[in-house]
Amino acid sequence: MEQINKDDISASRNDIWRQQLRNNMSAKERTAIPRVEMPHLEPDYRVSCSEEVNCGLSVEQAVTEASRCMDCPDPQCVSGCPVSINIPGFIKNIQRGRVDIAAAVLRNTSSLPAVCGRVCPQEKQCESRCIYHKMHKQPVAIGYLERFAADNAPIADAVAPTPNGIKIAVVGSGPAGLSFAGAMAQYGYDVTVYEALHEIGGVLKYGIPEFRLPNSVVDKEIHALQQSGVKFLRDCVIGKTLSYDDLHSLGYQGIFVASGAGLPRFMSIPGENLVNVMSSNEYLTRVNLMGAGSPMHDTPVAHGKCAAVIGGGNTAMDSCRTARRMGAEKVYVVYRRSEAEMPARVEEVIHAKEEGVEFLTLHNPIEYIGDDKGRVCAMRVQRMELGEPDESGRRAPVPIEGAVEQIPVDMVIVSVGVSPNPIIPSSIPELEISRRGTIVVNDCTMQSSIGDIYAGGDIVRGGATVILAMGDGRRAAQSMHEALSKQR
Amino acid sequence: MFKIVSKDLFSEKVVKFVVEAPMIARSRRPGHFVIVRACDGGERIPLTIADADVKAGTITLVVQDVGVSTHKICSLNTGEELTDVVGPLGQATRIENVGTVVCCGGGVGVAPLLPIIKAMKQAGNRVVSVLAARTKDLIILEEQVRAYSDEVIIMTDDGSYGQKGLVTHGVEQVILREPVNQVVTIGPAIMMKFVSQLTAKYNIHTLCSLNTIMVDGTGMCGACRVTVDGRTRFVCIDGPEFDAHKVDFDEMMLRLRSYN
């Protein structure tokens with residue numbers, strides 16, 4: 001698959017218009033253009049609302065940024081993309097003013113470009129390989145351009161494929177499930193997506209906040225899937241409401257499990273079950289999915305004035321920035337390593353700092369202290385220093401003896417990772433499960449130990465990115481389609 | 001959408017609903033619960049399934065009007081719909097023939113206890129049920145409980161019906177007069193705590209069913225966590241039933257008051 005993609009990418013580079021675009025501007029001129037800056041809302045304003053922080057590029061900005069791309073003969077950015085998007089292909093189409101084709105190029109390999117353009121860690125993927133780094137310049141803003149193309153292209157009418165009448169079930173409507181469903185619908189399958197919650201979208205809805213990924217962007221994608229014939233059933237937990245056998249009785253010939261990373265992890269330290277100590281999943285679900293804090297919504301949420309968020313990933317950044325928007329005057333991020341080791345996207349860290357979040361790096365909570373009503377009122381944190389690299393390759397945090405301080409807080413959001421959702425693994429005993437609780441699959445085909453069950457996303461990876469989950473969905477669709485075609 | 005087929009008032013504040021939910025009716029077992037959202041913008045709250053009719057495709061829920069969300073549910077009428085009902089969730093009750101089982105329920109806790117009483121009886125146990133409430137009007141499902149119990153003891157705080165006294169008095173009477181192999185208790189946390197303390201004294205294995213705060217009910221949020229045997233467990237996926245002697249009821253009661 002990858003080789004074909006590579007051939008396509010170099011073939012499209014030889015199109016006459018591409019050659020012309022390359023010849024129109026000298027390398028010197030190109031590289032002299034500074035990287036575009038994403039227009040964004042001012043920090044003071046954005047902490048007062050849930051509006052999307054990044055506003056998107058104007059047409060002019062996008063075309064200028066697109067012209068920075070050197071259209072390399074062997075584009076390294078593509079190899080930095082987990083799903084090998086034809087990056088120069090879509091960028092050059094933006095430059096020549098064909099946003100519709102740019103979006104079509106994206107959709108050849110990505111089901112959710114408007115989502116990925118917003119939430120992918122481009123600085124660690126495509127943009128990290130950009131030729132501009134060799135010139136000690138800032139890389140082409142591939143992520144911004146991806147978002148621009150996805151947001152501004154008219155939705156192309158999906159060519160309705162001939163239905164083949166074969167029923168396929170999808171468990172979970174997050175990025176893996178949605179991309180799988182879209183790909184299978186395009187092959188002509190009769191696809192039904194089962195979602196446990198009352199909203200479609202999985203982590204894109206309950207997890208990632210509105211200010212980073214508006215629900216309208218996700219709903220647009222879901223609507224497009226519905227138009228292409230995908231059915232969605234809410235309030236249905238596969239493994240509980242319907243069993244694996246029930247799915248067979250209903251006539252499903254293939255099942256894709258994308259049930260995500262369910263269980264929030266805690267640190268097992270004293271005081272962790274005090275009132276107002278909660279997982280980031282709980283906090284974000286209350287605010288994002290349940291609308292806590294907004295009128296017409298009944299779900300309550302703690303409104304801490306002084307909050308601590310434990311962890312250094314994107315979910316921690318989403319939590320601390322949400323807490324600011326929910327009225328917390330002081331918000332700490334407590335992370336046991338240094339900022340250099342933080343897994344969160346650089347942009348999220350910058351945004352959080354702009355919004356007044358205070359970073360306590362090289363600090364680790366060791367105990368929470370409660371008041372007489374059992375509510376958290378302080379945390380005890382251990383100062384750390386970096387020692388030798390650990391198995392992750394990062395320098396391991398080591399406690400500094402005696403360096404413990406107590407900090408008053410009235411809300412703690414624990415964001416130290418998640419474990420796979422146990423419902424599917426525990427409801428199908430024959431399914432091979434890893435020691436970590438993930439479903440074991442063939443890396444190439446995404447097929448599990450049970451022939452008609454495929455799986456992808458966090459239930460396989462344990463905790464990954466939207467783009468990897470999406471890539472899994474597409475790969476699983478391709479191999480399930482191949483397998484089912486052989487059977488016929 | 002899940003249509004309300006019938007609505008009956010047990011008392012002013014306690015309502016029995018029969019709701020159309022064919023898939024849940026078919027897969028539920030005693031001990032399971034559902035998450036219900038009354039309307040758009042509503043809260044997701046857990047309710048234990050009191051009964052199910054596979055043929056009719058319905059489940060029975062008993063709801064006590066105690067807050068915003070239960071009030072919204074209780075205000076709905078026959079023919080109207082609950083926006084979301086999802087389940088069956090949690091682990092089903094382990095039903096075995098152990099000999100004599102005392103099933104004690106307080107207030108609205110009798111509703112989720114009923115399917116367990118039924119199943120315990122059908123498994124061949126001698127079942128003594130102890131129903132407790134503040135006053136006569138709040139004793140619910142007595143007739144149905146009698147149909148599957150060898151004996152029913154009624155306790156009311158004010159003595160308006162049955163014996164005057166707390167549920168623990170009723171349970172202790174049985175323990176003092178005959179060998180009891182297991183106790184099942186469902187009701188307010190404080191009641192379960194005292195039942196647990198009593199049966200611990202007599203070293204009788206006791207199951208309790210916990211009704212904690214939940215959001216998703218599928219293991220995702222961790223709002224429902226309780227300490228059992230010194231370990232943090234999630235009521236929604238590890239429970240809702242636990243060995244009562246190992247549950248930290250004091251912590252659970254503090255957590256139940258998170259939003260009060």
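On a predicted model such as this, the values are computed, not experimentally measured, just so you know.

Draft legend 1. Representation of the overall build of chain A within the structure. Scanning chain A from N- to C-terminus turns up 20 helices and 15 strands. Taken along its principal axes, the extent of the C-alpha atoms in chain A is 70 × 65 × 50 Å. A buried classification covers 58% of the 488 residues belonging to chain A. Charge-centre separation for chain A: the mean point of 50 positive side chains lies 4 Å from the mean point of 58 negative side chains.

Draft legend 2. Molecular detail of the domain arrangement of chain B. All names here are of chain B. According to the domain assignment, chain B consists of domain 1 (2-89) and domain 2 (100-256). Taking the mean C-alpha position of each, domain 1 and domain 2 sit 21 Å from one another. The interface of domain 1 with domain 2 comprises 17 residues on the first partner and 22 residues on the second. Linking domain 1 with domain 2 are one salt bridge. The closest approach of N and O atoms between lysine 118 and aspartate 51, which form a salt bridge, is 3.5 Å. In this structure, the connection of domain 1 to domain 2 is made through three residue pairs in polar contact (both at pLDDT 80 or more). Listing elements by their share of the side of domain 1 that touches domain 2, those giving two or more residues are strand S3 (33-37), strand S4 (45-53) and strand S5 (58-64). The element best represented in the side of domain 1 that touches domain 2 is S4, accounting for five residues. Taken together, the residues of the side of domain 1 that touches domain 2 sort by class into 10 nonpolar, four polar and three charged.

Draft legend 3. View of the sheet that holds strand S12 (residues 395-408) of chain A. Residues and elements named next belong to chain A. Across the sheet, which stays open at both edges, the three strands sit in the order S10-S11-S12 with antiparallel pairing between neighbours. Two strands bound the open sheet, and with one partner strand each, they are strand S10 (363-370) and S12. Each strand axis lies, on average, 20° off the axis of its neighbour in the sheet, ignoring direction. Here S10 runs beside strand S11 (residues 376-389); their pairing, made up of seven bridges, is antiparallel.

Draft legend 4. Quick look at helix H6 (residues 189-201) of chain B. Residue and element names in this part refer to chain B. Between its first and last C-alpha, H6 extends 19 Å over 13 residues, near the 18 Å set by a 1.5 Å rise per residue. Burial in H6 covers these residues: Ala189, Met191, Met192, Lys193, Val195, Ser196, Leu198 and Thr199. Packing partners of the buried residues in H6 comprise strand S8 (100-106), helix H5 (167-177), strand S12 (182-186), strand S13 (206-209) and helix H8 (249-256). Asparagine 203 sits one or two positions beyond H6 and adopts a positive phi of about 55°.

Draft legend 5. Spotlight on the interface of chain B and chain A. Counting residues at the interface gives 44 residues for chain B, matched by 41 residues for chain A. Of the roughly 3300 Å² buried between chain B and chain A, counting both surfaces, carbon and sulfur atoms make up 55%. Linking chain B to chain A there are two salt bridges. Note that B:Arg26 is salt-bridged to A:Asp246, the shortest N-O span being 3.3 Å. If you look at where chain B meets chain A, you find 21 residue pairs in polar contact (both at pLDDT 80 or more).

Draft legend 6. Region of interest: the packing of H5(B) against H6(B). Residues and elements named next belong to chain B. H6 packs onto H5 with a crossing angle of 25° between their chain directions and a minimal axis gap of 10 Å. By the angle between their directions, the pair H5 and H6 is classed as roughly parallel. Like other packed secondary-structure pairs, H5 and H6 cross with a definite hand, here right-handed. Residues Val167, Thr168, Val171, Glu172 and Ile175 of H5 touch H6, and the partners they reach there are Met191, Phe194, Val195, Leu198, Thr199 and Lys201. For the contact of H5 with H6, the class distribution of residues is seven nonpolar, two polar and two charged.

Draft legend 7. Representation of the environment of B:Ile73 within the structure. Residues and elements named next belong to chain B. Locating isoleucine 73 in the fold gives a position in helix H2 (residues 68-74). Residue classification places isoleucine 73 among the buried residues on the basis of a relative accessible area of 3%. Separated by 10 residues in sequence, isoleucine 73 and valine 63 have C-alpha atoms that sit 7.8 Å apart. Setting aside residues no more than four positions away along its own chain, isoleucine 73 makes contact with Phe17, Val36, Ala38, Ile45, Leu47, Val63 and Leu82.

Draft legend 8. A look at the side chain of A:Glu347. Residue and element names in this part refer to chain A. Topologically, glutamate 347 is positioned in helix H17 (residues 346-354). Of the side chains bearing the opposite charge, arginine 345 lies closest to the buried glutamate 347, which forms no salt bridge; the N-O distance is 4.1 Å. Every residue in contact with glutamate 347, bar those within four places of it in the chain, is listed here: Asn54 and Tyr144.

Draft legend 9. Focus on the pattern of salt bridges. According to the stated counting rule, one finds 45 salt bridges over all chains in the structure shown. A:Glu354 serves as the salt-bridge partner of A:Arg46, at 2.6 Å between the closest nitrogen and oxygen. With a gap of 308 residues between them, A:Arg46 in helix H4 (residues 43-46) and A:Glu354 in helix H17 connect regions that are remote in the sequence. For A:Arg46, a relative accessible area of 0% gives the class buried. Among the salt bridges present, the one from B:Arg126 reaches B:Glu151, with a minimum N-O distance of 3.6 Å. Pair noted here: B:Arg126 is in strand S9 (residues 126-133) and B:Glu151 is in strand S10 (residues 151-156), with a separation of 25 residues, a long-range link.

Draft legend 10. Spotlight on the nonpolar core. Counting residues in hydrophobic clusters, the biggest one holds 95 residues, and the most contacted among them are A:Ile87 and A:Phe90. Ranked by residues supplied to this core, first place goes to helix H20 (residues 466-487) of chain A with eight residues. Structurally, this core is a two-domain feature, drawing no fewer than three residues from each of domain 1 (2-152) and domain 2 (167-262 + 420-487) of chain A. Beyond its immediate sequence surroundings of up to four residues, A:Phe90 is in contact with A:Ile85, A:Ala102, A:Val105, A:Leu106, A:Ile142, A:Leu145, A:Glu146 and A:Ala149. Core analysis: the second largest hydrophobic core is formed by 60 residues, A:Leu263, A:Tyr368, B:Cys236 and B:Phe242 among them.

Draft legend 11. Region of interest: the pairing of strand S2 (residues 190-194) of chain A. All names here are of chain A. A large share of S2 lies buried, amounting to four of its five residues. Relative to S2, strand S1 (residues 167-171) is paired through five bridges, and the arrangement is parallel. Each residue of the ladder has a partner; that of valine 171, found in S2, is tyrosine 194. The parallel pair S1 and S2, bridged by helix H11 (residues 175-187), forms a crossover whose chirality is right-handed. Pairing analysis gives three bridges linking S2 to strand S3 (residues 231-233), with the strands arranged parallel. When the sheet's bridge partners are listed, valine 193 is paired in S3 with phenylalanine 232.

What counts, and at which threshold
Residues numbered from 1 in each chain as written. Chains lettered and ligands numbered in written order. Predicted model: local features only at pLDDT ≥ 70, side-chain atom pairs only at ≥ 80, totals over all residues. Heavy atoms only, no water. Helix = DSSP H or I, 4+ residues; strand = E, 2+ residues; numbered from the N terminus. Buried < 20%, exposed > 50% of the residue type's maximum accessible area, 1.4 Å probe, protein only. Lys, Arg positive; Asp, Glu negative; His and termini not counted. Charge placed at Lys NZ, Arg CZ, Asp CG, Glu CD. Domains from an automatic or database assignment. Contact = heavy atoms within 4.5 Å. Salt bridge = Lys/Arg side-chain N within 4 Å of Asp/Glu carboxyl O. Polar contact = N/O pair within 3.5 Å; in protein donor to acceptor, adjacent residues only side chain to side chain. Nonpolar A, V, L, I, M, F, W, Y, C, P; charged D, E, K, R; others polar. Pairing = 2+ DSSP bridges. Axes fitted to C-alpha atoms, helices over the stretch in contact; angles between N-to-C directions. Expected span 1.5 Å × (residues − 1). Buried area = accessible area lost by both parts, 1.4 Å probe. Parallel < 35°, antiparallel > 145°, perpendicular 65-115°, else oblique. Left-handed = near helix turned anticlockwise from the far one by under 90°. Core = buried A, V, L, I, M, F, W, Y, C linked by side-chain atoms within 4.5 Å. Right-handed = clockwise from strand over helix to strand, strands pointing away.

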